[in-house]
Amino acid sequence: MPEIELIKRAGDFVQRTAVEDWTGNFTYADLLRVSRFAALNLLGDEEDLGEKRVAFVVPPGFEYVALKLGVWRAGGVSVPLGIAHSPREIEYVIKDSGAETVVFHPDLAHKLEGVLHDAGVRFRKLPDVFRPAHGELSGISEERRAMIIYTSGTTSKPKGVVSTHLGIKAQINSMTEAWEWTPEDSILNVLPLHHLHGILNIVLCCLWSGARCVMMDGFNAREVWKRFEEKDLTLFMGVPTIYSKLIDAWDDSSAGERRRMRDCLPGFRLMVSGSAALPVSVLEKWKEISGQVLLERYGMTEIGMALSNPYRGERLPGRVGVAMPGVEVGIFDENDRRLGVEEQGEIRVRGRSVFLEYWRKPQETESVFRYGWFKTGDIAFLERGGSYRILGRESVDIIKSGGYKISALEIEEVLIEHPLIEECAVVGVPDPSWGERVGAALVSREGLSIDLEELRNWASDKLARYKLPTRLLLLSSLPRNSMGKVTKNRIKQSFKNSL
């Protein structure tokens, strides 16, 4: 059985640089060699992992990419773990995915402190997985499961979104065609690699195209500007918060620094914004600084990218464009009737790029499909020219902050464990830079006071930093409707009033 097509294509670019990180430059030949070692070491005496899950907590860089490809070449399913996540969150993903192997970088060993070492789970240090090995790889069918990415939903715990190799290939083909990737491209990645945006839109599209992926270990606005000044990049993708922070750094710079910063931008052929709504003010300010009109697109973990403003043509502020190549998109009402132009309804998507299933959650999987269409839960208006304008989500339990999709229910489940909290409700509070901030409305026990910083410190070992509340509202009771359900829209309004 042949290798997956992504691996076969890498053989066409063996002398080109695949990944650049803080340790050096690595060619596609390096990537093929080291990923093969990883596959053979993961296999051991087995011929095929047979879709066994391999979870890994590894920093962005060449080793991350080589390990991911190694898991696939061994026939495994990759489960990337968030390096910003707490041991508690990491343990949940390991257990829920049923991972039999967990690979970790020695610098991130503390992320596994306290994680239960079940008899069926093998923990392996990263250098051991890359040691030279000999043997043959059998190849795998592209119809098999390839990856599980955990995403927050309307349930309290994140769900594992399962993609096949064929689904991933369909997503890659759609994006590389729409945005005209070539082997001459170089892209800077500052996004986390346990989310689809960084993994697929950047890393895998880059590898498919024979391009170069430059990795930074996290985002720092000044460091990104400094990297821009090397003038060897053609692509950049980020979330609106990243562009806001780059603008802040620009505003804080001297006239001489601004001249140097502006001089490094003409080499970019495309800059993309996604994962959250792009404020028109940010788009206009970035255009003023860079001359670039940010390309806004729309997607989610379950579907990849579905809508995009054009690479060539007018990009409309506040719009997310039209259907991507190979993707069918429509809007529907609550009776499953497809709507037309100048109407608004729920965005639904179908095509080969749509995910296979929620891992081990058949009922939840079934509930999000209707007659073959995936129900996104996002409401949009379809304009006469065919472009979509996102209006919001059906659920108030999803918070979009800094490009992350956060479950309010997951945070509530943690906060209610605090000894001073009687009741709590978490909502998204509108914010011009972050899209939304995490706001916690609390009822304390016996009238005792709770301080925001104390609450954040207490929750920091249970939640990733980006999930910690940054807005706090103390109430005598939570507002409820006649059925006794907490009315989160009233809480959101209370936050607005307090600000």
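Residues numbered from 1 in each chain as written. Predicted model: local features only at pLDDT ≥ 70, side-chain atom pairs only at ≥ 80, totals over all residues. Heavy atoms only, no water.

Right, let's get into helix α6 (residues 165–178). With 14 residues, α6 extends 20 Å from end C-alpha to end C-alpha; this agrees with the ideal 20 Å at 1.5 Å per step. Listed as buried for α6 are H165, G167, I168, K169, Q171, I172, S174, M175 and T176. Here the buried face of α6 lies against α1 (5–10), α3 (62–73), β7 (145–151), β8 (159–164), α7 (196–209) and β14 (304–308). Just past α6, the residue E180 takes up positive phi, approximately 55 degrees. (Helix = DSSP H or I, 4+ residues; strand = E, 2+ residues; numbered from the N terminus. Expected span 1.5 Å × (residues − 1). Buried < 20%, exposed > 50% of the residue type's maximum accessible area, 1.4 Å probe, protein only. Contact = heavy atoms within 4.5 Å.)

Below, the discussion takes up the side chain of T151. Tracing the chain through its elements places T151 in strand β7. Excluding residues within four positions of it along the chain, T151 makes contact with P158, K159, V161, T301, E302 and K405.

Moving on, we get to the sheet that holds strand β10 (residues 212–215). The strand order β2-β1-β10-β9-β11-β12-β13-β14-β15 describes an open sheet built from nine strands, whose pairing is mixed. Where the open sheet ends on each side, the last strands, each with one partner, are β2 (24–27) and β15 (322–323). Bridging between strand β13 (residues 295–300) and β14 involves four bridges; their strand directions are antiparallel. What sits directly across from G299, in β14, is M305. Lying on the sheet, α7 is in contact with β1 (17–21), β9 (186–189), β10, β11 (235–238), β13 and β14; it crosses β10 at an angle near 140 degrees. Relative to the sheet, helix α9 (residues 240–251) contacts β11 and β12 (270–273), its axis offset from that of β11 by approximately 110 degrees. (Pairing = 2+ DSSP bridges. Axes fitted to C-alpha atoms, helices over the stretch in contact; angles between N-to-C directions.)

Another point: unusual backbone geometry. What you tend to see is this: most non-glycine residues have negative phi, and most peptide bonds are trans. We note that D336 has phi near 70 degrees; this positive angle belongs to a residue other than glycine. With respect to the helices, strands and loops of the structure, D336 is situated in the loop between β16 (328–332) and β17 (343–350). For E342, which is not glycine, the phi dihedral falls at a positive 60 degrees. Topologically, E342 is positioned in the loop between β16 and β17.

Throughout the structure, instances matching the rule amount to 47 salt bridges. Salt-bridge contacts for E91 lead to K95; the nearest nitrogen and oxygen are separated by 3.9 Å. Taken as a pair, E91 and K95 lie in helix α4 (residues 87–97) at a separation of four residues, close to a single helical turn. Residue E91 is classed as buried on the basis of its relative accessible area, which comes to 17%. Given a relative accessible area of 45%, K95 falls into the partly exposed group. The salt bridge involving R269 is made with D185; its shortest N-O contact spans 2.8 Å. Pair noted here: R269 is in the loop between α10 (255–263) and β12 and D185 is in the loop between α6 and β9, with a separation of 84 residues, a long-range link. Looking at R269, the relative accessible area reads 23%, which means it is partly exposed. (Salt bridge = Lys/Arg side-chain N within 4 Å of Asp/Glu carboxyl O.)

Remember that the coordinates give geometry; whether it matters functionally is a separate question.
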